[in-house]
Amino acid sequence: MQPVIYLDENHPISEDRIDPDALKVIHRLKKHDFSAYLVGGSVRDLLLGITPKDFDISTNAKPEEIKTLFRNCLLIGRRFRLAHIRFGPKVFEVSTFRSGDPKDDNFIVNDNEFGTEEQDAKRRDFTINGLLYDPEEHAIIDYVHGLKDVDSKLLRTIGDPVIRFKQDPIRMIRLLKFKARLNFDIEQETDNAIRSNIQEIKKSSPDRVLGEVFKMLETKATSSFFELLMDYGFIQILFPHLSNFLGPDLKGTAFKFLEVADNQEIYQPEKNILLACFLYPILEKKIQIHYIEKDRIPHLGDIFDLTRDLIKDTLVLPFPRFPRWMRETIAFILNSQFKLTPIDPKKRSRKHKLMGHKKFSLALRFLGLRAHLDERCAREYAKIKRLKK
Ligand code: ATP
Ligand code: MG
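### Quick word on a positive patch on the surface
Side chains of Lys 385, Arg 386, Lys 388 and Lys 389 sit close together on the surface and give a patch of like positive charge. As for its placement among the helices and strands, Lys 389 is situated in the segment after α19 (375-388).

See below:
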């Protein structure tokens, strides 16, 4: 099939958003008679006027051939070898065109055949992610009618959506991620397919699901992403314990925290704080049920136990390889809240003791979120801020 080619005057990509080192990599491959393009998310972001986070490159050069051209190149991956080309702290991923069978609806276990540039474009997930860009010709090469969908802000799978979701159910999570992040609409057939294949997500490895969720926690669209996960029914499958607790009352509080966090311009998104947004209202509810309603005030040790169990049930059971350091950081953020604003209002805040802790700034940022929703937290937050000056 012949691709549609859009030259300079027919697309809005501006070269100055492209990392000059990515251009060097492409240039060098082309100088040695290989084809090479920017691909995937970077082309999509460039078209949308967003500076891409990373610049992925695809080429017809085989991994060993790439390696001979670049001194700063490392081949990684056993099943499918990829080249990582390093420029200081930056790494560009250069992959050889791959094929994929667009008609086979079996869960993909083997994704490691080399292919043509057309096959490489068509094995990608969504039309907006399937464009190639040749920076030397200033040309977009479109095998998947992707440019049209970027223009009309539409998310559509490449090929039959039911087949593509069955092949790799993680694509459903990615779809909601792009919807939340870019505020695009989902094309009707793609939407029908996701709604009728939700259960397929159980076939994806928890590590990959967690990887996509973590990536999303680095953007400022977490509240809309989790709302979509909930509306479509994924939270119920992926985080069953969390969803049991997030009934209408707590869900509102969790999303308010997330919204405040997403809107804090000055802060870089922080995964542990965002996850704490979900757990904090549940922890408060558990304290209410187990202690306050029984006319008891829990000791800090009791709260630590509840926190530990909550993190285990909500995060570690569904994702056994949930990183330990994150578990500990989330526990610290949550537990510190009860030191900063003790349940017993007669008790004094233990801020002085906590302020020397290396993760104190995270606990304080979380108190800052609570401060948007609660007077007492706002007073305590203001006091600490004054002390720190
Ligand atoms: P982000 O901005 O979050 O990095 P991205 O689109 O660049 O978004 P990556 O995970 O970096 O996402 O993947 C790079 C590209 O690889 C995608 O744009 C898409 O073309 C392709 N891709 C990634 N995951 C899949 C998948 N599960 N199935 C098919 N293609 C995929
Ligand atoms: Mg990417």
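After that view of the structure, there is still more to cover.
### A look at the environment of Ile 330
With respect to the helices and strands, Ile 330 occurs in helix α16 (residues 324-340). Judged by its relative accessible area of 0%, Ile 330 is buried. Spatially, the C-alpha atoms of Ile 330 and Leu 362 are 9.2 Å apart, while their sequence positions differ by 32 residues. For Ile 330, the contacting residues outside a window of four places in its chain are Asn 272, Leu 275, Ala 276, Leu 279, Ile 311, Leu 315 and Phe 322.

### A look at the nonpolar core
Core analysis: the biggest nonpolar cluster contains 104 residues, and Leu 29, Phe 226 and Phe 234 have the highest contact counts within it. Of the residues forming this core, the biggest block, 11 residues, is contributed by helix α14 (residues 271-290). What Phe 234 contacts, discounting residues up to four positions off in sequence, is Met 172, Ile 173, Leu 176, Ile 194, Ile 198, Ile 201, Leu 229 and Phe 239. Within the second largest apolar cluster, 11 residues are counted, among which are Leu 354, Leu 364, Ala 371 and Cys 377.

### Examining the site of ligand 1
Inspection of the region around ligand 1 gives 18 residues, with Arg 44, Asp 168, Arg 171, Arg 181 and Lys 215 positioned closest. At 3.0 Å, a side-chain N or O of Arg 124 approaches an oxygen atom of ligand 1. Lys 215 places a side-chain nitrogen or oxygen 3.0 Å from an oxygen atom of ligand 1. Computed on the free molecule, ligand 1 has an accessible area of 590 Å², of which 86% lies beneath the protein chains in the complex. Those elements that provide at least two residues to the shell around ligand 1 are α2 (41-47), α7 (170-182) and α9 (206-216). Partitioning the shell around ligand 1 into residue classes produces two nonpolar, three polar and 13 charged.

### Observations concerning the side chain of Glu 200
For Glu 200, the location among the structural elements is in the loop between α8 (188-196) and α9. The buried category is assigned to Glu 200, whose relative accessible area is 13%. The contacts of Glu 200, once residues within four sequence positions are left out, are Lys 166, Pro 169 and Met 172.

### Quick notes on empty space enclosed by the protein
Inspection of every chain in the model, using the stated rule, returns two cavities of 30 Å³ or more. In this structure, the largest cavity spans a volume of roughly 110 Å³. Looking at the largest cavity, it is lined by 13 residues, and the ones nearest its centre are Ala 261, Pro 269, Glu 270, Leu 274 and Arg 365. Per-class residue counts for the lining of the largest cavity are six nonpolar, three polar and four charged. By volume, the second largest cavity is sized at about 40 Å³. Phe 226, Phe 239, Leu 242, Leu 275, Phe 278, Leu 279 and Leu 315 together form the lining of the second largest cavity. The biggest single contributor to the lining of the second largest cavity is α14, with three residues. Along the lines of polarity and charge, the residues of the lining of the second largest cavity split into seven nonpolar, no polar and no charged.

### Side note on helix α13 (residues 248-263)
Compared with the 22 Å implied by 1.5 Å per residue over 16 residues, the 23 Å span of α13 between its first and last C-alpha is a close match. Buried residues of α13: Leu 250, Ala 254, Phe 255, Phe 257, Leu 258, Val 260, Ala 261 and Asp 262, and no others. On the buried face of α13, the contacting elements are α10 (222-232), α12 (240-245), α14 and α18 (360-371).

### Some thoughts on a negative patch on the surface
A cluster of acidic side chains, namely Asp 104, Asp 105, Asp 160 and Glu 189, defines a negative patch on the protein surface. Topologically, Asp 104 is positioned in the loop between β6 (90-96) and α4 (117-122).

### Section: the packing of aromatic side chains
Tallied over the entire structure, the rule returns 13 aromatic pairs. Centre to centre, the rings of Phe 214 and Phe 322 are 5.8 Å apart; their planes meet at 75°, and the pair counts as edge-to-face. With Phe 214 in helix α9 and Phe 322 in the loop between α15 (300-316) and α16, this residue pair connects regions lying 108 residues apart in the sequence. The same class applies to Phe 214 and to Phe 322, which are both buried. Joined through ring pairs, the aromatic side chains of Phe 225, Phe 226, Phe 255 and Phe 278 make up one cluster. A cation over a ring is seen here: Arg 28 above Phe 70, with NZ or CZ 6.0 Å from the ring centre. The ring of Phe 214 has Lys 271 sitting right over it, with the charged end atom 5.6 Å from the ring centre.

### Comments concerning unusual backbone geometry
Although it is not a glycine, Asp 33 adopts a positive phi angle of roughly 65°. Among the structural elements, Asp 33 can be located in the loop between α1 (20-31) and β2 (36-39). Residues other than glycine seldom take positive phi values, yet His 138 does so here, at roughly 55°. Of note, His 138 is situated in the loop between β7 (132-134) and β8 (139-142). The class of His 138 is partly exposed, set by a relative accessible area of 26%.

About the criteria used
Residues numbered from 1 in each chain as written. Chains lettered and ligands numbered in written order. Predicted model: local features only at pLDDT ≥ 70, side-chain atom pairs only at ≥ 80, totals over all residues. Heavy atoms only, no water. Patch = residues over 30% accessible without salt bridge, like charges linked within 9 Å, V, L, I, M, F, W, Y side chains within 5 Å. Areas by Shrake-Rupley, 256 points an atom, 1.4 Å probe, with all protein chains shown as cover. Salt bridge = Lys/Arg side-chain N within 4 Å of Asp/Glu carboxyl O. Lys, Arg positive; Asp, Glu negative; His and termini not counted. Charge placed at Lys NZ, Arg CZ, Asp CG, Glu CD. Helix = DSSP H or I, 4+ residues; strand = E, 2+ residues; numbered from the N terminus. Buried < 20%, exposed > 50% of the residue type's maximum accessible area, 1.4 Å probe, protein only. Contact = heavy atoms within 4.5 Å. Core = buried A, V, L, I, M, F, W, Y, C linked by side-chain atoms within 4.5 Å. Near = heavy atom within 4 Å. Polar contact = N/O pair within 3.5 Å; in protein donor to acceptor, adjacent residues only side chain to side chain. Nonpolar A, V, L, I, M, F, W, Y, C, P; charged D, E, K, R; others polar. 1 Å grid on protein atoms, 1.4 Å probe; cavity = no way out; pocket = protein on both sides within 12 Å on 5 of 7 lines; lining within 4 Å. Points joined across faces, edges and corners; volume = space filled by probe spheres on them. Expected span 1.5 Å × (residues − 1). Phe/Tyr/Trp six-rings, centres within 6.5 Å; stacked < 30°, edge-to-face > 60°. Lys NZ or Arg CZ within 6 Å of the ring centre and 35° of its normal.

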